[in-house]
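Residue-level structure breakdown
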Amino acid sequence: MQKIKKIHCLQERNPATFIFCLIPDFNHENNNLSSICNNGILTKDIFRFLPILFLIRTFAPQNSKIMTLEAETMSLKKENGIMSYDIKTVTIIGSGTMGNGISHVFAQCGFAVHMMDINQVALNKALATIGKNMDRQVTKGTLSEEAKNEAMGRISTYTDMAEAVADADLVVEAATENIELKLNIFRQLDEHSPAHCILASNTSSISLTRIASVTKRPGKVIGMHFMNPVPVMRLVEIINGYGTDREVTQTIVKLSEELGKVPCVVNDYPGFISNRILMPLINEAVLALQEGVAGIEEIDTIMKLGMAHPMGPLQLADFIGLDTCYSIMHVLHMGFGNQKYAPATLLANMVQAGYLGVKSGEGFYKYTPGSKELVVSDRFVSRKWD
């Protein structure tokens, strides 16, 4: 095996070695940038050696694996002393409420967006939703008609995953909160995405370390948990998996700020911070209703007026989706092995019966299209306290 060059890149006391080779079948799996990025070893010193990389690339065969190394290196940049990846094209997996909201924000902020779903009808519906939401911004004067048209023009739709991620710098998965589904998606993303591409998940509770374990790039897997509605809510909860590279975290923090969001970085434990605190609150409200402590309106009113919450926990549960609440409580229960996180029986029964909240038209409240009136579901009216 012909070794072309050995380059040593030092950060404090941690050495890293690049081994470049012109031989097309050279196996550099253990010497690529991904392995060196772990633990933050990659530093500004790499830029001193870019001329060498260009020289090697000039004389390397077209099918040489050095092309992968080059693409991965050139995607890194340094700004204000921080190493990060250059993000231009973003693929969003899923076109539901979260998927179309995330696509909306990225497109509005100037990124090329590939929105992918297996169902073209769902994609068409998502585009219509994004258009209507942008129209509201135009009406309010927060977005010009020209900016809206430009943003909509940046969104392309795909039903084939390989095609959707072929030139992506970042993928944000926003599929249903189901671990097996997400693991399968990430296996495919890892197979079809470019080597430099960061794979992010919008999961609200599932372990990023578990998700990363099914890929060959665990250092480039991270959580990017947006809040609903995405165009309005400013928080992005960023979750580091056990092996997430520092440069990847820095990239997603900077990117979130470019989107006008406030990034908060947390570590990978069940429910992270947002849902570890929020979901037990919602579950406790459901238990209080189940046990007859108070009615729906009383529970929500006490939390709104007494605790200054903008929305009561039962109304919020409807808004999030009772199936999502149940799934997250199940993750907390299994993850911590503590009975206090067990989903309320009433919540489980409502989900089994299809009463999922806003998305199904009825949960704790009943929802009529075109009406903003908050009406308690008939199933709970008889439990009114006098």
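**Brief notes about the overall build of the chain**
Within the chain, the secondary structure is distributed over 16 helices and 14 strands. The buried share among the 386 residues of the chain stands at 49%. When contacts within the chain are restricted to residue pairs at least 6 apart in sequence, those whose partners lie at least 24 apart make up 64%. Within the structure as shown, the chain displays about 19000 Å² of accessible surface, and the carbon and sulfur contribution to it stands at 53%.

**Some points on the sheet that holds strand β10 (residues 221-226)**
As a general point, the strands of a sheet are linked pairwise by backbone hydrogen bonds and lie either parallel or antiparallel. The strand order β7-β6-β5-β8-β9-β10-β11-β12 describes an open sheet built from 8 strands, whose pairing is mixed. Whereas interior strands pair on both sides, the edge strands pair on one side only; in this sheet they are β7 (155-158) and β12 (262-267). Direction aside, neighbouring strands of the sheet carry axes that sit 25° apart on average. Helix-sheet contacts for helix α5 (residues 120-140) involve β6 (112-116) and β7, and the interaxial angle to β7 is about 160°.

**Description of the packing of aromatic side chains**
The geometry of an aromatic ring pair comes down to the distance between the two centres and the angle between the two planes. For the structure shown, the criterion picks out 4 aromatic pairs. Aromatic side chains F106 and F226 sit 6.4 Å apart centroid to centroid with 70° between the ring planes, which places their arrangement in the edge-to-face category. Placement of F106 in helix α4 (residues 97-108) and of F226 in strand β10 is noted, with a sequence separation of 120 residues between them. With respect to class, F106 is no different from F226; both count as buried. On the numbers, 5.8 Å between centres and 40° between planes, the contact of F364 with F380 is tilted. Of this pair, F364 sits in the loop between α15 (345-353) and β13 (365-366) while F380 sits in helix α16 (residues 378-381); the two residues are 16 residues apart in sequence, bridging distant segments of the chain.

**Section: a positive patch on the surface**
There is a patch of like positive charges on the surface, built from K132, R136, K140 and K372. For K132, the location among the structural elements is in helix α5.

**Observations regarding the packing of helix α11 (residues 274-290) against helix α13 (residues 313-320)**
Their axes nearest at 9 Å, the elements α11 and α13 cross at an angle of 115°. You can see that α11 and α13 cross each other, and the crossing is left-handed. The segment α11 lies against α13, with L278, M279, I282, A285, V286 and L289 engaging P313, L314, L316, A317 and I320. Along the lines of polarity and charge, the residues of the contact of α11 with α13 split into 11 nonpolar, no polar and no charged.

**Quick word on α13**
Residues spaced three or four apart along an α-helix point in a common direction, a consequence of the helix completing one turn every 3.6 residues. Of all the positions in α13, only P313, L314, Q315, A317 and D318 are classed as buried. For α13, the secondary structure elements touched by its buried residues are α11, α12 (296-307), α14 (322-336) and β13. At the C-terminal side of α13, G321 shows a positive phi close to 115°.

**Some thoughts on unusual backbone geometry**
Between N228 and P229 the backbone carries a cis peptide bond, its omega angle lying at 0°. Here P229 is to be found in the loop between β10 and β11 (235-240). Despite not being glycine, F272 has its phi angle at roughly 55°, a positive value. Positionally, F272 belongs in the loop between β12 and α11. Phi angles above zero are rare outside glycine, and A308 is one such case at about 60°. Judged by relative accessible area, A308 falls into the exposed class, the value being 65%.

**Remarks on the confidence of the model for the chain**
In the predicted model, the chain carries a mean pLDDT of 85, and 77% of its residues have values of at least 70. Predicted confidence for residues 1-45 stays below pLDDT 50, and this span has 98 contacts to residues more than four positions away or in other chains. For residues 62-71, every residue scores under 50 in pLDDT, and the model assigns this stretch 27 contacts once sequence neighbours within four places are set aside.

**Quick notes on the environment of A344**
Take A344: it is sitting in the loop between α14 and α15. For the pair A344 and N283, spaced 61 residues apart in sequence, the C-alpha separation works out to 6.2 Å.

**Digging into the environment of R217**
For R217, the position within the fold is in the loop between α9 (208-212) and β10. Note on R217: relative accessible area 7%, which makes it buried. Expressed as a C-alpha distance, the spacing of R217 and A195, which sit 22 residues apart in the sequence, is 8.3 Å. Leave out the neighbours within four places in its chain, and R217 touches L189, D190, S193, P194, A195, C197 and L199.

Quick notes on the rules
Residues numbered from 1 in each chain as written. Predicted model: local features only at pLDDT ≥ 70, side-chain atom pairs only at ≥ 80, totals over all residues. Heavy atoms only, no water. Helix = DSSP H or I, 4+ residues; strand = E, 2+ residues; numbered from the N terminus. Buried < 20%, exposed > 50% of the residue type's maximum accessible area, 1.4 Å probe, protein only. Contact = heavy atoms within 4.5 Å. Areas by Shrake-Rupley, 256 points an atom, 1.4 Å probe, with all protein chains shown as cover. Pairing = 2+ DSSP bridges. Axes fitted to C-alpha atoms, helices over the stretch in contact; angles between N-to-C directions. Phe/Tyr/Trp six-rings, centres within 6.5 Å; stacked < 30°, edge-to-face > 60°. Patch = residues over 30% accessible without salt bridge, like charges linked within 9 Å, V, L, I, M, F, W, Y side chains within 5 Å. Salt bridge = Lys/Arg side-chain N within 4 Å of Asp/Glu carboxyl O. Lys, Arg positive; Asp, Glu negative; His and termini not counted. Charge placed at Lys NZ, Arg CZ, Asp CG, Glu CD. Left-handed = near helix turned anticlockwise from the far one by under 90°. Nonpolar A, V, L, I, M, F, W, Y, C, P; charged D, E, K, R; others polar. pLDDT = per-residue confidence, 0-100.

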